[in-house]
Amino acid sequence: MVWRLDRLGRSLRHLIDVVTALDEREVGFRSLRESIDTTTSGGRLVFHLFGALAQFEREIIRDRTQAGLASARARRRVGGWPPKLSGDQVRTARRLYEERELTVAEIGGVLGVSRTSVYRALHRELAAATTPGVGTAPTRKPDAGAGVRSAGSAGGERRRRRGAAPVGTDGGAGS
């Protein structure tokens, strides 16, 4: 028993598979809102018709959403929050990042934003520089092999400078 047919599955194929599996176990299906009962032949017919209509409705909504997004892109409208860092702040972040004296978290602290915002701004700048006309943030962080420490690695470097062995090596306690 379900409240609405579209709560049971995401596609017509999935709905049919679920109801077929229930039928194989000799379990009837009933939808309260649509008044469908698959224990009768008429109920099975109505189930398939309503399932097809529900999938059709979902596809229409998806198509309208895609058309609206394409229309917005054509008008050069971009969704989402505006960037947290201005152009000057991004250039400052890039300079500090390339100097390799501060961690990314420390750069974020200087600029008043999170570490993630710094990475996102550096990515956006990198994408805009390498791909003409692209200003969106890529999903990867800047080159991890660039030698910049994250906040988590700074402690290990400080321990090494003091002469202590890094965590997880045989030189630590418990050996």
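Quick notes on the rules
- Within any chain, residue numbers begin from 1 and follow the written order of that chain's sequence.
- Residues qualify for local features only when their pLDDT is at least 70, as the model is predicted, and side-chain atom pairs are given and counted only at 80 or more; totals for whole chains, interfaces and linings, by contrast, use all residues.
- Each side-chain value is worked out from all heavy atoms of the structure, with water and hydrogens disregarded.
- Secondary structure is summarised from DSSP: a helix means a run of H or I of at least four residues, a strand means a run of E of at least two, and numbering begins at the N terminus for each.
- Burial status follows relative accessibility: with a 1.4 Å probe on protein chains alone, a residue under 20% of its type maximum counts as buried, one over 50% as exposed, and anything between as partly exposed.
- Here a residue-residue contact requires only that any non-hydrogen atoms of the pair lie within 4.5 Å.
- Salt-bridge detection follows one rule: a side-chain nitrogen of Lys or Arg within 4 Å of a carboxyl oxygen of Asp or Glu.
- Stacked, edge-to-face and tilted are the three classes for Phe, Tyr and Trp ring pairs, Trp counted by its six-membered ring, which pair at centre distances within 6.5 Å; planes under 30 degrees apart are stacked, over 60 edge-to-face, the rest tilted.
- Comment: axis = line fitted to C-alpha atoms, over the contacting stretch for helices; angle = value between 0 and 180 degrees taken between N-to-C directions.
- By definition, any crossing whose near helix is turned counterclockwise from its far helix by less than a right angle is left-handed, and any crossing with a clockwise turn is right-handed.
- Polar here means any residue other than Ala, Val, Leu, Ile, Met, Phe, Trp, Tyr, Cys and Pro, which are nonpolar, and Asp, Glu, Lys and Arg, which are charged; Gly is therefore polar.
- The definition of a nonpolar core used throughout is a set of buried Ala, Val, Leu, Ile, Met, Phe, Trp, Tyr and Cys residues joined through side-chain atoms within 4.5 Å.
- How far a helix is expected to stretch is found by multiplying one less than its residue total by 1.5 Å.
- Regarding the arc, it is the one traced by the directions from the helix axis to the C-beta atoms.

### What to know about the overall build of the protein
Okay, so step 1: Across its full length, the protein carries six helices and two strands.
Okay, so step 2: Each helix and strand of the protein, ordered N terminal to C terminal, gives the series α-β-β-α-α-α-α-α.
Okay, so step 3: The proportion of buried residues among the 175 residues of the protein is 24%.

### Let's talk about the side chain of Ser 117
Okay, so step 1: Within the element layout of this structure, Ser 117 appears in helix α5 (residues 115–130).
Okay, so step 2: Setting aside anything within four residues of it in sequence, one finds Ser 117 in contact with Lys 84 and Leu 85.

### A word on the pattern of salt bridges
Any two side chains of opposite charge can pair, on the condition that their charged atoms come close.
Okay, so step 1: Counted by the stated rule, this structure contains five salt bridges.
Okay, so step 2: With a closest N to O distance of 2.8 Å, Arg 94 and Glu 125 form a salt bridge. Of this pair, Arg 94 sits in helix α3 (residues 87–99) while Glu 125 sits in helix α5, and the two are 31 residues apart along the sequence.
Okay, so step 3: The class for Arg 94 is buried, based on a relative accessible area of 18%.

### Description of the packing of aromatic side chains
Okay, so step 1: Counting across every chain of the model gives one aromatic pair.
Okay, so step 2: Ring centres of Phe 29 and Phe 47 lie 5.7 Å apart, and the angle between their planes is 70 degrees; this geometry places the pair in the edge-to-face category. Taken together, the residues span a long stretch of sequence, with Phe 29 in the loop between α1 (12–24) and β1 (30–31) and Phe 47 in helix α2 (residues 41–74) at a distance of 18 residues.
Okay, so step 3: A residue is classified by how much of its surface remains accessible, and Phe 47, at 2% relative accessible area, is buried.

### A word on the packing of α3 against helix α4 (residues 104–111)
Okay, so step 1: Closest axis-to-axis distance for the α3/α4 pair is 10 Å, and the angle between their directions is 150 degrees. As α3 runs across α4, the sense of the crossing is right-handed. Contact residues: α3 offers Gln 89, Thr 92, Ala 93, Leu 96 and Tyr 97, while α4 offers Val 104, Ile 107, Val 110 and Leu 111.
Okay, so step 2: When the residues that make up the contact of α3 with α4 are grouped by side-chain class, the tally is seven nonpolar, two polar and no charged.

### A few points about unusual backbone geometry
Okay, so step 1: One non-glycine residue, Glu 26, adopts positive backbone phi at about 60 degrees.
Okay, so step 2: In this structure, Glu 26 sits in the loop between α1 and β1.
Okay, so step 3: Under the relative-accessibility criterion, Glu 26 is labelled exposed at 75%.
Okay, so step 4: The backbone of Arg 76 sits at a positive phi, close to 60 degrees, despite the residue not being glycine.

### Description of the nonpolar core
Looking at soluble globular proteins, one finds that nonpolar side chains tend to be buried together.
Okay, so step 1: Ranked by internal contacts, the top residues of the largest apolar core, which has 13 residues, are Leu 85, Ala 93, Ile 107, Leu 111 and Val 118.
Okay, so step 2: Looking at this core, the elements with two or more residues in it are α3, α4 and α5.
Okay, so step 3: Leu 12, Leu 15, Ile 16 and Phe 47 belong to the second-largest nonpolar core, a separate cluster that totals eight residues.

### Quick look at the environment of Ser 11
Okay, so step 1: Within the secondary structure, Ser 11 sits in the segment before α1.
Okay, so step 2: Every residue in contact with Ser 11, bar those within four places of it in the chain, is listed here: Gln 55 and Arg 58.

### Here's the deal with α1
Okay, so step 1: An ideal rise of 1.5 Å per residue puts 18 Å on 13 residues; α1 measures up with 18 Å between its terminal C-alpha atoms.
Okay, so step 2: Of the positions making up α1, those classed as buried are Leu 12, Leu 15, Ile 16 and Val 19. One side of α1 holds all its buried residues, which, seen down the axis, span an arc of 95 degrees. For α1, the exposed residues set more than 90 degrees away from the buried face come down to Arg 13 and Glu 24.

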